[in-house]
Amino acid sequence: MTDTKNIWVFIEQDEGQIADVSLELLAKAQELAGSLGGEVCALLCGHDVDELAQTAISHGAGRVLLIDHPELALYRSLPYARAVTDLVRDRRPYICLFGATSVGRDLAPRVASAARVGLTADCTDLQIGDYNSKKDKQLYKDLLYQIRPAFGGNIIATIVNPRTRPQMATVREGVMRLQPPDDTREGVIERIEPVIEDQDLVLQVLSRQVRQSTVHLKDSPIVVAGGAGASCKEDFELIRELAHVLGGEVGASRAAVDAGFISPEHQVGQTGITVRPRLYIAAGISGAIQHRAGMDQSNKIIAINTDPNAPIFQVAHYKIVGDLAEVIPLLISALREKAK
Amino acid sequence: MPSEQNYKLVVLVKQVPDTHNVTSDAMKEDGTMNRAVLPAIFNPEDLNALEMALAFKERYGGEVTVLTMGPSKAAEVLRESLYRGADRVVLITDRKFAGADTLATSYTLKSAVEKLGAFDVVFCGRQAIDGDTAQVGPQTAEKLGIPQITYAESIVELSGGEIVVQRALDRGMEMVKCSLPCLLTVVASANRPRPASARKRIEYKLAATPFEYQDVLEKWPEFETVEALEAYLAERSLQIPVWSAADLDVEEDKLGLEGSPTQVYKINFVVLETRDSKEVSPTQEGVETLVQELVQEYVVG
Ligand SMILES: Cc1cc2nc3c(=O)[nH]c(=O)nc-3n(C[C@H](O)[C@H](O)[C@H](O)COP(=O)(O)OP(=O)(O)OC[C@H]3O[C@@H](n4cnc5c(N)ncnc54)[C@H](O)[C@@H]3O)c2cc1C
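Residues numbered from 1 in each chain as written. Chains lettered and ligands numbered in written order. Predicted model: local features only at pLDDT ≥ 70, side-chain atom pairs only at ≥ 80, totals over all residues. Heavy atoms only, no water.

Asks: Mind showing me how you'd approach the site of the ligand here?
Replies: Residues in close proximity to the ligand total 28 residues, the closest being A:S253, A:T271, A:S286, A:Q290 and A:N305. Residues close to the ligand are split across chains A and B. A:R254 is positioned such that a nitrogen or oxygen atom in its backbone is 2.9 Å from an oxygen atom of the ligand. In this structure, an oxygen atom belonging to the ligand sits 2.7 Å away from a side-chain N or O atom of A:Q290. If the ligand stood free it would expose 980 Å²; the protein chains cover 83% of that surface. For the shell around the ligand, the secondary-structure elements that each account for two or more residues are α6 (254-258) and α7 (289-292) of chain A. Taken together, the residues of the shell around the ligand break down into 7 nonpolar, 17 polar and 4 charged. (Near = heavy atom within 4 Å. Polar contact = N/O pair within 3.5 Å; in protein donor to acceptor, adjacent residues only side chain to side chain. Areas by Shrake-Rupley, 256 points an atom, 1.4 Å probe, with all protein chains shown as cover. Helix = DSSP H or I, 4+ residues; strand = E, 2+ residues; numbered from the N terminus. Nonpolar A, V, L, I, M, F, W, Y, C, P; charged D, E, K, R; others polar.)

Asks: In this structure, what is going on with the interface of chain A and chain B? I would like to understand it.
Replies: Think of interface size as the accessible area that goes away when the parts come together; that is how it is often given. Taken together, the contact between chain A and chain B spans 81 residues of the former and 79 residues of the latter. Summing both partners gives a buried area of about 6900 Å² for chain A against chain B, and 55% of it is carried by carbon and sulfur. When the shortest N-O distance is used, the salt bridge between B:E174 and A:R208 registers 3.9 Å. Here chain A is connected to chain B by 29 residue pairs in polar contact (both at pLDDT 80 or more). (Contact = heavy atoms within 4.5 Å. Buried area = accessible area lost by both parts, 1.4 Å probe. Salt bridge = Lys/Arg side-chain N within 4 Å of Asp/Glu carboxyl O.)

Asks: When you look at the nonpolar core in this model, what are you seeing that I'm missing?
Replies: Inside soluble globular proteins, nonpolar side chains tend to come together where they are buried. Grouped together as the largest cluster of nonpolar side chains are 51 residues, with contacts concentrated most on B:F56, B:F123, B:I163 and B:L184. The element best represented in this core is helix α1 (residues 44-60) of chain B, accounting for 8 residues. Apart from residues lying up to four places away in sequence, B:F123 is in contact with B:L9, B:V10, B:V11, B:L12, B:A49, B:M52, B:A53, B:F56, B:I155, B:L184 and B:V186. If you look at the next biggest cluster of nonpolar residues, it comprises 39 residues, including A:L23, A:I57, A:L126 and A:Y131. (Core = buried A, V, L, I, M, F, W, Y, C linked by side-chain atoms within 4.5 Å. Buried < 20%, exposed > 50% of the residue type's maximum accessible area, 1.4 Å probe, protein only.)

Asks: Looking at this structure, I do not really get the pattern of salt bridges. What am I missing?
Replies: Side-chain pairs of opposite charge can arise whenever the charged atoms involved come near each other. Under the definition given, this model contains 42 salt bridges over all chains. Taking the shortest distance from any N to any O, the salt bridge between A:R82 and A:D200 comes out at 2.8 Å. Taken together, the residues span a long stretch of sequence, with A:R82 in helix α3 (residues 77-91) and A:D200 in the loop between β12 (188-192) and β13 (203-210) at a distance of 118 residues. Judged by relative accessible area, A:R82 falls into the partly exposed class, the value being 22%. When its relative accessible area of 5% is taken as the criterion, A:D200 is described as buried. When the shortest N-O distance is used, the salt bridge between B:R167 and A:D106 registers 4.0 Å. One end of the pair, B:R167, is in strand β8 (residues 162-169); the other, A:D106, is in helix α4 (residues 104-115), on a second chain. The class of A:D106 is buried, set by a relative accessible area of 0%. By sharing partners, the salt bridges in this structure join A:D14, A:E15, A:D106, A:R208, B:R167 and B:E174 into a single network.

Asks: What should I look at first to understand the side chain of B:Q127 in this one?
Replies: You can see B:Q127 is positioned in the loop between β6 (121-125) and α4 (136-144). A polar side-chain atom of B:Q127 sits 3.4 Å from a polar atom in the side chain of B:D132. Ignoring sequence-local partners within four residues, the contact set of B:Q127 consists of A:R105, B:N43, B:E45, B:D132, B:T133 and B:A134.

Structure, rendered in structure tokens:
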């Protein structure tokens, strides 16, 4: 094991566009590197993606490990896992972070398994700290604290990987804050030749249909979110209407997504998106920790719930105890009235 | 029509606490989970995986084996699998497996799949609702040295030893073609899992692991002795086999807590600091005052 404490961030790109979560992770990696003294490296895989290296540098990478190969043009588990695992095994970075996207959640576990290291999914915070292991009777300094709600809620677990390197974690979009790029930053671009074997090419992508997301939850200054308290699709229409009147986006709890009221892209929380809008309205949402993790940093929170003891009220600035089917129409007409 | 073949299909399932319905009385004061009050259920997406395997068998031929790793009580999900049409089930249980993280779990599952012999497709649910990690599927595939197709939504076609699968991604879909063997992780939107069949429920009513013989005897005293029950079950293939660590080709230090690189450093009970919140009455007047205040503070424009 080397002493260098480098932090790698897997840069997810699709057709020349870097995923926001990768840039958010670069910002976080820089902050972590501040207390560790290591280098932030962007792990950029693809084909003809040289231009993206500069974007990664502007967002905080001191070094870009550029793995370019025609077989990496489109994401596929095996060639990507091969390229990333080989490099991880060879250099053993201290920490390796991935976005918890459909790519990151496909790739990271495969790499962790091959490198035989631990991996923590959907972290809501990452910090550096010491760990005194009772099991090994040893003090480990400067580990990555991988923090996430656990087991049904009400618990926040801090997970560590004391002995294996890299320490790996995935993080959802929006959890870490995106920092503006600084084009004056300089960094090293290092080209890596991957060795991809025939057996890595047994899967072919026949076709793909990728929609541009029309949901702009993360950037919306106003989010109106509905939960299982909206007992039917009609109730959920009220949520949409209120969002429309306010010029905001529609959010949802997982229960609302599971009930089929709305598509998963709208889910707020630990396994959805983290938002920090100017105004967050939670209607019919109980306020489970996994939901709060994605919204409690909002500037102003209004909660509407029939249960005066719902945990959501504890993070709310405005508390309305009432039936959303009655309260939301009142809100809508008051807002329309004001606009006149 | 494709010729009927004897495809070997393996489904990995898990029994989970029903975290979708956690109530406050499920939490103990010290912040740990009172598992006893939570119903244990068949992990929802594992039912979708089982359904996809059963539909595969009906379409192309084959045999469906369901494996679960868990405490002895997890035999319940194996019986549920038999009621739905699984041909064979195995419980993988041992104290040595306890405390496993996803790496140690996938190592154990890989060894169990290998013990079954040759296979064509392994099906898993995308993720289990108690942790939502979605890691065990890909990690088991890696350990088996086979490709993975995550987020599988449907099997479009199978021909010449190659499978065409539609995947549901964050923002769209993808069609991929892959040679067998491979591992699929199946999403909830893939299908509507069939209910248990009434006929099979009767047929497999007595299916049990040796851990359960005592309970069965209490319910069906006519068997009188464990030996009599065992003979009866053996004759009708109703014994659910149990594999322990000793039955698998495994290195013990890669199992359970010992084989898990992740450790829990601490658990914090979430103490909510109650914000100073203003109570707004759910009336026209209350709501109008609120809107005015938001406008004055430039929260809404
Ligand atoms: C690993 C894991 C990850 C998870 N990730 C997420 C995540 O990212 N996001 C997320 O949201 N959840 C997540 N969850 C689920 C979370 O634990 C809760 O189950 C979920 O947030 C509950 O949604 P809800 O508040 O809409 O439903 P419920 O908890 O059922 O609450 C419904 C609320 O509506 C109120 N209500 C009922 N009728 C009315 C009415 N007419 N008017 C007003 N109020 C009414 C009720 O009083 C209640 O408070 C996760 C869980 C796990 C285990």
